[in-house]
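Fold and geometry: a report
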Amino acid sequence: NDLLAAALARNGISNVKPAAVINDTVAVLLAAAYKKNSVYIGSIYATGHNTCYLEPYCGEAKAPMVINMESGGFDKIQINRYDHLLDQRSEMPGQQRLEKMVAGRYLGELFGLCLKEALALRTDATFSSIDLSQILADESNELARVREVVQERVQVVISETVAVKLQALAKAIVIRSGRIIAATYAGVIWHREGSCPGRQHIA
């Protein structure tokens, strides 16, 4: 915060007085708790992933404190060979293991790794989470958009039958992501319930 204040001063910005610099996940929790007093858990589930929560320290002589879990870095979770391959190709092998299974930055890449094997491609298949959204949103009879996205990304023409299977693959990847995230939320809720039972909301 002092560095930010000094930088503002150097740039002639004197009408801004930063009070604190906080993590984005913590900011989500605090902003939501300001509006709804039963919010004790904050989470970012987008390009990346992280969760924080208010540790009440019930029955202890400690003041409540927000714990930033950096949950995207959890690594006590079973991975499959595509997760392993994605991890090895990443900028940080062995790190952010859970995030690589759930976050938007990685879901398209996971889909591409699976598709490369499914279609016996010789080159990598590059997909984004936006591509996955378009694949999942296609409800047309012949899955024209699914086929277009695949052709655009890997220059392969696929049949409607293959498109159905690839849409199911995309759905499985996204559902797994949601279930893993839900499990992390359940863990935090169970932890807090053991100390201070009561209604809880997640921002």
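Described below are features of the structure shown in this document.

What counts, and at which threshold
- Residues numbered from 1 in each chain as written.
- Predicted model: local features only at pLDDT ≥ 70, side-chain atom pairs only at ≥ 80, totals over all residues.
- Heavy atoms only, no water.
- Helix = DSSP H or I, 4+ residues; strand = E, 2+ residues; numbered from the N terminus.
- Rg over C-alpha atoms; globule rule 2.2 N^0.38 Å.
- Buried < 20%, exposed > 50% of the residue type's maximum accessible area, 1.4 Å probe, protein only.
- Contact = heavy atoms within 4.5 Å.
- Areas by Shrake-Rupley, 256 points an atom, 1.4 Å probe, with all protein chains shown as cover.
- Lys, Arg positive; Asp, Glu negative; His and termini not counted.
- Charge placed at Lys NZ, Arg CZ, Asp CG, Glu CD.
- Pairing = 2+ DSSP bridges.
- Axes fitted to C-alpha atoms, helices over the stretch in contact; angles between N-to-C directions.
- Phe/Tyr/Trp six-rings, centres within 6.5 Å; stacked < 30°, edge-to-face > 60°.
- Lys NZ or Arg CZ within 6 Å of the ring centre and 35° of its normal.

Before going further, it helps to examine the overall build of the chain. Broken down by element type, the chain carries eight helices and four strands. Seen in sequence order, the chain has helices and strands lined up from the N terminus as α-α-β-β-β-α-α-α-α-α-α-β. Whereas a compact globule of 203 residues would reach a radius of gyration of roughly 17 Å, the chain reaches 21 Å, over 25% beyond that. Summarising its shape, the C-alpha atoms of the chain cover approximately 65 × 50 × 35 Å along the three principal directions. Evaluated residue by residue, the chain yields a buried proportion of 33% over its 203 residues. Taking the intrachain contacts of the chain between residues at least 6 apart in sequence as the baseline, contacts between residues at least 24 apart amount to 49%. Here the chain has roughly 12,100 Å² of accessible surface; of this, 55% comes from carbon and sulfur atoms. One finds the centroid of the 22 positive side-chain charges in the chain at a distance of 2 Å from the centroid of its 21 negative side-chain charges.

The strand order β3-β2-β1-β4 describes an open sheet built from four strands, whose pairing is mixed. Either end of the sheet is taken by a strand with one partner, and the two such strands are β3 (65–68) and β4 (201–202). In terms of strand pairing, strand β1 (residues 39–45) meets β4 through two bridges, oriented parallel. Among the inter-strand pairings, Ile41 is bridged to a residue of β4, identified as Ile202. Where helix α2 (residues 24–35) meets the sheet, it contacts β1, β2 (49–55) and β3, and its direction lies at approximately 140° from that of β1.

Okay, the packing of aromatic side chains next. For the structure shown, the criterion picks out one aromatic pair. Plain terms: the ring middles of Phe111 and Phe127 are 5.0 Å apart, the flat faces sit at 85° to each other, and that makes the pair edge-to-face. With Phe111 in helix α5 (residues 104–118) and Phe127 in the loop between α5 and α6 (129–137), this pair connects stretches of sequence that are 16 residues apart. Of the residues examined, Phe127 reaches a relative accessible area of 7% and is grouped as buried. Over the ring of Tyr40 we find Arg192; its NZ or CZ atom is 4.1 Å from the centre of that ring.

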